[in-house]
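# Geometric and topological summary
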Amino acid sequence: MLQHHIVSAEPPTDRVESSSGANKMLDPFGRAITYLRVSVTDRCDFRCVYCMSEDMAFLPKRDLLTLEELDRICSAFVDRGVRKLRITGGEPLVRRDIMTLFGSLSRHLDSGGLDELTVTTNGSQLARHAKELAACGVKRINVSIDTLDAEKFRRITRWGDLTKVLQGLDAAQNAGLKVKINTVALKGVNEGEIEPLLEWAHGRGMDLTLIEVMPLGEIDGQRIDQFLPLSLVRARLAGRYTLEDLADRTGGPARYVRVKETGGRLGFITPMTHNFCESCNRVRLTCTGQLFMCLGQEDAADLRAPVRASESNELLERSIVDAIARKPKGHDFIIDRRHARPALSRHMSVTGG
Ligand code: SAM
Ligand code: SF4
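Keep in mind that what you see is a predicted model, and the values were worked out from it rather than measured.

Our focus in this paragraph is the UniProt feature "binding site: GTP" (unreviewed entry) in the protein chain. Per the UniProt entry, the sites bearing "binding site: GTP" (unreviewed entry) are Arg37, Arg86, Thr120, Lys180, Arg282, Val283 and Arg284 in this numbering. Take arginine 37: it is sitting in strand β3 (residues 35-39). In terms of polar contacts, arginine 37 uses its side chain to reach the side chain of tyrosine 35, at 3.0 Å. Positionally, valine 283 belongs in strand β12 (residues 282-285). Aside from chain neighbours lying at most four places away, what touches valine 283 is Ile33, Tyr35, Leu36, Arg37, Phe77, Leu291, Phe292, Met293, Ile324 and Lys327.

Have a look at this one:
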């Protein structure tokens, strides 16, 4: 169920000159938009049970933005004050020639327009691409792993091969990339493995972030059967480890603690049990050029039409500014028996995680 927020009483979106001279974008609630997540494909070589159904229908290739169009849109955002780009999907590293996009976007790192270019991946293609990612200026990556048990890994991802992913991780670390592991906490599936995952990740110098299942898209089975509140996981961990709250906030839904015994960082992404919207600094672009101003709302602005309408960026920039003016205050996710349907019909793989 969705309730849309009323935003008309708020001051209009504005653009302000930042100290660097770039046009910064402020949304109607005064939040600076500095982070763009870009889903470059809705396709994936896995079919994780919480993310996709087994027989997904994917978009026709002609609907996708080309790599050049993706570059133009990302660059327009960088011109408007975006400092961080995350490339995601679907599985971003299965998109053909995706390294071309990393290569071209890296110019914004060189020029100082961008602080960070990063990627979220399932790791299956990392062994091939890790070195080149590092050469493009990527410093940190997120790799999603929900279990270290190969057979269970296959069950969760339906098609994934854990050995290949672990080889990818080795390649990434050897290339000097800092890795953060993302783990979706799944009731009755990996809830007994959180401690071993934590010890393993921190033992390899990697942060671990736990994620609550979000109600995005039709899957096979019911969300309520997968949902494991992280408040419970945290309480269990606190019985065994000393968790020291860290002030680090990324403007996103993650909260971090330092685990005293391992020295590593542990994050909790709790969209279902916490409201993190007040500090939201991000928007999300789909591979067809739809800009979602909030992961948890249906409203989107089409950037493909303006990017295709003319070679100059004027229309595109106007569309971006107008879209940011519609960024809602927050989301309204609900999972319970009465709301067994997904809160939103689109899958996480469309807007990217
Ligand atoms: N394929 C890449 C990967 O798995 O890392 C990038 C895209 S994936 C959609 C990004 C993140 O979203 C992953 O960490 C995944 O576990 C998470 N995710 C997918 N569906 C989710 C859902 N319904 N609720 C919470 N997290 C989800
Ligand atoms: Fe693919 Fe990532 Fe979704 Fe798993 S979570 S199906 S790897 S897009």
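Structure's up, so let's keep going.
What follows covers the UniProt feature "binding site: [4Fe-4S] cluster 1" (unreviewed entry) in the protein chain. Here, UniProt's "binding site: [4Fe-4S] cluster 1" (unreviewed entry) annotation points to Cys44, Cys48 and Cys51. One can find cysteine 44 in the loop between β3 and α1 (67-79). A relative accessible area of 16% places cysteine 44 in the buried class. For cysteine 44, the contacting residues outside a window of four places in its chain are Met52, Phe58, Gly90, Glu91 and Asn122.

All right, on to helix α4 (residues 150-157) then. Residues lying three or four places apart along an α-helix face the same way, a consequence of the helix completing one turn every 3.6 residues. Those residues of α4 that sit buried are Lys152, Phe153, Ile156 and Thr157. The buried residues of α4 all sit within an arc of 125 degrees when viewed along its axis, so they share a single face. The inward-facing, buried residues of α4 abut α5 (162-174). Capping of α4 at its N-terminal end is provided by aspartate 149; its side-chain oxygen lies 2.9 Å from the backbone amide nitrogen of glutamate 151. Two residues or fewer after α4 comes arginine 158, characterised by a positive phi angle close to 65 degrees.

Conventions used here
Residues numbered from 1 in each chain as written. Chains lettered and ligands numbered in written order. Predicted model: local features only at pLDDT ≥ 70, side-chain atom pairs only at ≥ 80, totals over all residues. Heavy atoms only, no water. UniProt positions renumbered as here; feature names shortened; annotations may be inferred. Helix = DSSP H or I, 4+ residues; strand = E, 2+ residues; numbered from the N terminus. Polar contact = N/O pair within 3.5 Å; in protein donor to acceptor, adjacent residues only side chain to side chain. Contact = heavy atoms within 4.5 Å. Buried < 20%, exposed > 50% of the residue type's maximum accessible area, 1.4 Å probe, protein only. Arc of directions from axis to C-beta.

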